[in-house]
Structures are given as C-alpha cells and as structure tokens.
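These are the residues of each chain, in order.
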Amino acid sequence: MASVLVVNSGSSSFKYQLIDSESERMLATGLVERIGEAQGRAVHTVVASDGAEEKSERELPIADHTAGFAVMLDAIADLGPSLETHPVIAVGHRVVQGGARFFEPTVITDLVRINIDELSSLAPLHNPANLEGIVAAQKAFPGVPHVAVFDTAFHQTLPPAAYTYAIDAELAAKHRVRRYGFHGTSHRFVSHAAAEFLGRDVGDINQIVLHLGNGASACAVAGGRSVETSMGMTPLEGLVMGTRSGDIDPAVLLHLQRRAKLSIDEVDDLLNKRSGLLGLSGRGDMRDVVDASLDGDADAALALDVYVHRLRGYVGNYFAQLGRVDAVVFTAGVGENSPVIRARALEGLESFGIRIDAERNEARSRAARVISTDDSTVAVLVVPTNEELEIARQTLAVTRA
Ligand code: AMP
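Residues numbered from 1 in each chain as written. Predicted model: local features only at pLDDT ≥ 70, side-chain atom pairs only at ≥ 80, totals over all residues. Heavy atoms only, no water.

Participant: Go over the site of the ligand with me, naming the residues and quoting the values.
Facilitator: Taken together, Gly213, Asn214, Asp285, Met286, Arg287, Ala332, Gly333, Val334, Asn337, Ser338 and Arg364 make up the full set of residues near the ligand. Met286 has a polar backbone atom sitting 3.1 Å from an oxygen atom of the ligand. Here the ligand has 500 Å² of accessible area as a free molecule, and 72% of this is covered by the chains. Of the residues that constitute the shell around the ligand, the class distribution is three nonpolar, five polar and three charged. (Near = heavy atom within 4 Å. Polar contact = N/O pair within 3.5 Å; in protein donor to acceptor, adjacent residues only side chain to side chain. Areas by Shrake-Rupley, 256 points an atom, 1.4 Å probe, with all protein chains shown as cover. Nonpolar A, V, L, I, M, F, W, Y, C, P; charged D, E, K, R; others polar.)

Right under this line is the structure:
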C-alpha cells in the first residue's frame, strides 16, 4: 500500500506525517526539532490500524535538515511502518507564501525552488525554512515527485477589491504589496468537509470559516472559492491571535517608532510575538486565558472581550460580503475545543438566522458536528481541520494528473 509523506518544515524543526494513499489513514507522525543546537530531539509515533500508538523519542545532535531526515528514516526503520510495504510515492511540502504566482499545488522543479526562494522577501521567516525542508527531503527521497502546497493558494480567487490595499498603486506593485491570505489549506479542507457533512455541493453554498488556533483567520467561501479572508500580505493582519495583534492602526507603529524609539525589528517582535492574548493578559494560550478569566483576572477578561469583539466584527463583515450565508464553521484548537468562545462569537445573532443549541455546543467530540438548533437558518458547525491530509490529497492529485 503506497504512502505519501507530508512535511512541514520550520527553520530549526520539521513535522511529518506518513499517510496511506488509499485509505488516507495516518501511519506515522513525528517531529524533529532543535536542529543545529547542541542537542536535538526526534519524536516518532507509529499509529496502528486500530488506533494504538507506539512512540519513540531520541535526543542527539542533529546538524541540519538533511541529518534530520536521516534520523527520521532511522526511526521509521526501527519502529515502522515498513517502507517496503508502504513505499513513499510522493512527498507533499507545506509552503507558506506562494505569492501571486502559485495558485495550485505544484511539482517542485529547480525553477519552482528558485521561485519559492525568491518569494522569501514576502515571508522571510517561513519560505527559507520551507525550502530547507524541501532540499533535504529531496535528498532523502530522490526518486519520487515532491509537491509544494501553498498556504496562500486557496485565496488566489480573492477579487481585486478584497486583495488590494489602498496605497500608492505603483509602489505596491513594485514591492508586491497586496493581501495574499494564509491558512488556505485548512480553509479549503474545512469548507469541503463542511459541505460534505451537510450533504450539499460545496459549489452551491456560502460559508464563513473561522480557523481559530494559535494563529487565527476567518474566510468567506462562496461556492467553494475564497472571496475574502482576514490575513493579509502576512499572517499578522486580522483576528486577535495567541501572540499577534491582528488589525491595528498602522499609525500606531509610526507613533511607537517616534515616541517609544522602537526599532523596526522591535516593532516586528512586538506585533508578532508579544501582542494578542499574550500582550493583553500575559498568557498566549487560550485555555489559560479562559481559566484566568473564570478566576476573576481582569486582564484575561479584557483579552477575551477584545478577541470576541474582533471575531464578531469579521462575522458581520462576511455576512455583508457574501449576502447569503448557509454555514458558519469553527475549526482549529480554539474553534474545535472552546464552547465558550463559539457561544460568545455568535450569541444574539438570531436576526442573522443563527441559533446556537447550548447542549450541542457543550458536547465534546472529535468528529464534525452541528451546534446550531434545528430551526437555525444558518447551520453552525464544528469541523476538525486536517491540513496534512489535505496536503497529501493535493499532492496525490497533482502527481496523478
Ligand atoms: P492550534 O494552533 O490549532 O493547535 O490551536 C492552539 C490553541 O487552541 C491554543 O491557544 C490552545 O489554548 C487552544 N485550545 C486547545 N484546546 C482548548 C480548549 N479546550 N479550550 C480553549 N482553547 C483551547
């Protein structure tokens, strides 16, 4: 039974999943981290067909990504699954920024690698790291196609009115300043899974997908196409996130540079790493913020208020953009697991056709489910995301085409 390897590479780590190409079952998953540090760490988990997991963990120096893939192959040889019974027929890579050039999954050639590298100016933290993973994986699996699946690709259907920033057009074009949107692999997977759950053709329905994880974004999906999304040129725009500010008056940055004498790098660090829930409450993890707020912590309560206020603003915005909404869909860590946030995001919207069923909302499950009442005009769903499976599917689709 053939398998697909899915790789999500960061600058000093990579995650992987081995997925059966027919049954779509996850055969193994793992993480190689602290690459380049004195001591690296590799965790490999094999998942049996009955769901039983066997995990191995090793600490050893891992010089670079190439060494990381050798460690991964060792772990697979030791623990399984056997690559003889499950030969890897393709490798799918998550690539964050595909710019305006890549609007679909793409087999990685020398030219594609050059293009991904060239797009690093738009995603300096992500694309170079993704590329390191690609180069190393191509050495480890030389005989099979490698496919880049871009986080931005799903949003290439945004109309110009949605992706254009109202600044000097020439300057913007020269520096490729426009909105690209991210989390596209998740928004695509979830909007398709939601349509399937509802027994509807994805082309026939309009959805608002709320991907609320550590990073968070909203997406208006009309007939299966992304028409508006909350992240912009970078993943900083939009919703309040774990450590990112989301939307902010750009003049605040100028003010902080002038008055607080912050450097460009300090502003970058402030908005990406020390803002959002963390900046407001000292806690970047939603569970901790909810718990602290229940314990009476005023900063945590305000952080939640700001988070929910912003989220509701986007929901209202996307109702106006779409005109008709058939489903609102929650996904990712917060969206899948936090009844409080889901309830607060949509409470009092009966005039929008939204009625949440409190009991359904509180029920715990790992499956796709409906949390609205039977008489709610708009279906409200919780649909677990699975970006790795979507990457595997898209990888196979390209290699089979
Ligand atoms: P993700 O990036 O999709 O893995 O999501 C991570 C976020 O989900 C973190 O902020 C977690 O605190 C949050 N999360 C996970 N479980 C829960 C939960 N039961 N209630 C609230 N937030 C949760």
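Participant: Could you give an account of the pairing of strand S14 (residues 379-382), naming the residues involved and the relevant values?
Facilitator: With burial as the criterion, each face of S14 is covered, one bearing Ala379 and Leu381 and the other bearing Val380 and Val382. With four bridges connecting them, strand S12 (residues 327-331) and S14 associate as parallel partners. Within the sheet, the bridge partner assigned to Val328 lies in S14 and is Val380. Pairing geometry for strand S13 (residues 369-370) and S14, over two bridges, is antiparallel. Across the sheet, Arg369 pairs through a bridge with Val382, a residue of S14. (Buried < 20%, exposed > 50% of the residue type's maximum accessible area, 1.4 Å probe, protein only. Helix = DSSP H or I, 4+ residues; strand = E, 2+ residues; numbered from the N terminus. Pairing = 2+ DSSP bridges.)

Participant: Report on the packing of aromatic side chains, specifying residues and quantitative values.
Facilitator: Within this structure, the stated rule accounts for five aromatic pairs. Seen in terms of ring centroids, Phe14 and Tyr16 are 6.2 Å apart; in terms of plane orientation they differ by 45°. Their pairing is tilted. Tyr16 matches Phe14 in its accessibility class, with the two residues each being buried. Between Tyr314 and Tyr318 the ring centres are 5.8 Å apart and the planes differ by 85°, which places this aromatic pair in the edge-to-face class. On the criterion of helical spacing, the pair formed by Tyr314 and Tyr318 is a turn pair, its members being four residues apart in helix H11 (residues 298-322). Each member of the pair, Tyr314 as well as Tyr318, is classed as buried. Through a chain of ring-to-ring contacts, the aromatic side chains of Phe14, Tyr16 and Phe69 assemble into a single cluster. One Lys or Arg, Arg178, reaches over the ring of Tyr163 and ends 3.8 Å from the middle of that ring. (Phe/Tyr/Trp six-rings, centres within 6.5 Å; stacked < 30°, edge-to-face > 60°. Lys NZ or Arg CZ within 6 Å of the ring centre and 35° of its normal.)

Participant: So what's going on with the packing of helix H2 (residues 110-118) against helix H3 (residues 127-140)? Which residues, and what values?
Facilitator: A packed helix pair is summarised by two numbers, namely the angle formed by the two axes and the spacing between the axes. One way to put it is that H2 packs onto H3 with a least axis distance of 9 Å and a crossing angle of 155°. Considered as vectors, H2 and H3 are oriented roughly antiparallel to each other. For the element pair H2 and H3, the recorded crossing hand is left-handed. On the side of H2, the interface is formed by Arg113, Ile116 and Asp117, while H3 contributes Asn127, Leu131, Ile134, Val135 and Gln138. (Axes fitted to C-alpha atoms, helices over the stretch in contact; angles between N-to-C directions. Parallel < 35°, antiparallel > 145°, perpendicular 65-115°, else oblique. Left-handed = near helix turned anticlockwise from the far one by under 90°. Contact = heavy atoms within 4.5 Å.)

Participant: Lay out the pattern of salt bridges in plain terms, naming residues and giving numbers.
Facilitator: One pass over the structure, following the stated rule, counts 18 salt bridges. The closest approach of N and O atoms between Arg101 and Glu118, which form a salt bridge, is 3.1 Å. On the criterion of sequence distance, the pair formed by Arg101 in the loop between strand S6 (88-95) and strand S7 (106-107) and Glu118 in helix H2 is long-range, its members being 17 residues apart. Take Arg101: its relative accessible area is 41%, and that puts it in the partly exposed class. Close ionic contact of Asp374 with Arg360 constitutes a salt bridge, the shortest N to O distance being 3.0 Å. Pair noted here: Asp374 is in the loop between S13 and S14 and Arg360 is in helix H14 (residues 358-362), with a separation of 14 residues, a long-range link. (Salt bridge = Lys/Arg side-chain N within 4 Å of Asp/Glu carboxyl O.)

Participant: Outline the sheet that holds S12, supporting the account with residue identities and numerical values.
Facilitator: The strands that make up a sheet pair up through hydrogen bonds in the backbone, lying either parallel or antiparallel. With mixed pairing, six strands are arranged side by side in an open sheet as S11-S10-S9-S12-S14-S13. Strands with a single pairing partner mark the edges of an open sheet, and in this sheet they are strand S11 (225-229) and S13. Across the sheet, H11 lies against strand S9 (206-212), strand S10 (216-222), S11 and S12, angled at about 160° from S9, the strand it touches most.

Participant: Go over the UniProt feature "active site" (unreviewed entry) in the chain with me, naming the residues and quoting the values.
Facilitator: According to UniProt, the positions carrying the feature "active site" (unreviewed entry) are Asp151. Of note, Asp151 is situated in the loop between strand S8 (146-150) and helix H4 (160-163). We classify Asp151 as buried; its relative accessible area is 2%. Leave out the neighbours within four places in its chain, and Asp151 touches Arg94, Val95, Val96, Gly181, Phe182, His183, Gly184 and Thr185. (UniProt positions renumbered as here; feature names shortened; annotations may be inferred.)

Participant: Please set out the UniProt feature "site: Transition state stabilizer" (unreviewed entry) in the chain residue by residue, giving values where relevant.
Facilitator: Per the UniProt record, "site: Transition state stabilizer" (unreviewed entry) is found at His183 and Arg244. Looking at the element boundaries, His183 is found in the loop between helix H5 (169-174) and helix H6 (184-198). Sequence-distant contacts of His183, that is, excluding residues within four places in its chain, are made with Asp151, His155, His211, Gly215, Ala216, Ser217 and Met231. Topologically, Arg244 is positioned in the loop between S11 and helix H7 (250-259). Residues in contact with Arg244, not counting those within four places in the same chain, are Gly215, Met231, Pro235, Leu236, Leu271, Asn272, Ser275 and Gly276. At a separation of 3.4 Å, a polar atom in the side chain of Arg244 contacts the main-chain carbonyl oxygen of Pro235.

Participant: Would you mind going over helix H1 (residues 65-79) in detail, with residue names and values included?
Facilitator: Its 15 residues place the ends of H1 21 Å apart at the C-alpha level, agreeing with the 21 Å of an ideal helix rising 1.5 Å per residue. Every buried residue of H1 is accounted for by His65, Gly68, Phe69, Val71, Met72, Ala75 and Ile76. Projected down its long axis, H1 carries its buried residues within an arc of 155°, all on one side. Residues of H1 that are exposed and point over 90 degrees away from its buried face: Ala77 and Asp78. Buried residues in H1 make contact with strand S1 (3-9), strand S2 (13-20), strand S3 (26-33), strand S4 (40-47), strand S5 (53-60) and H3. Within two residues after H1, Gly80 carries a phi angle of roughly 105°, on the positive side. (Expected span 1.5 Å × (residues − 1). Arc of directions from axis to C-beta.)

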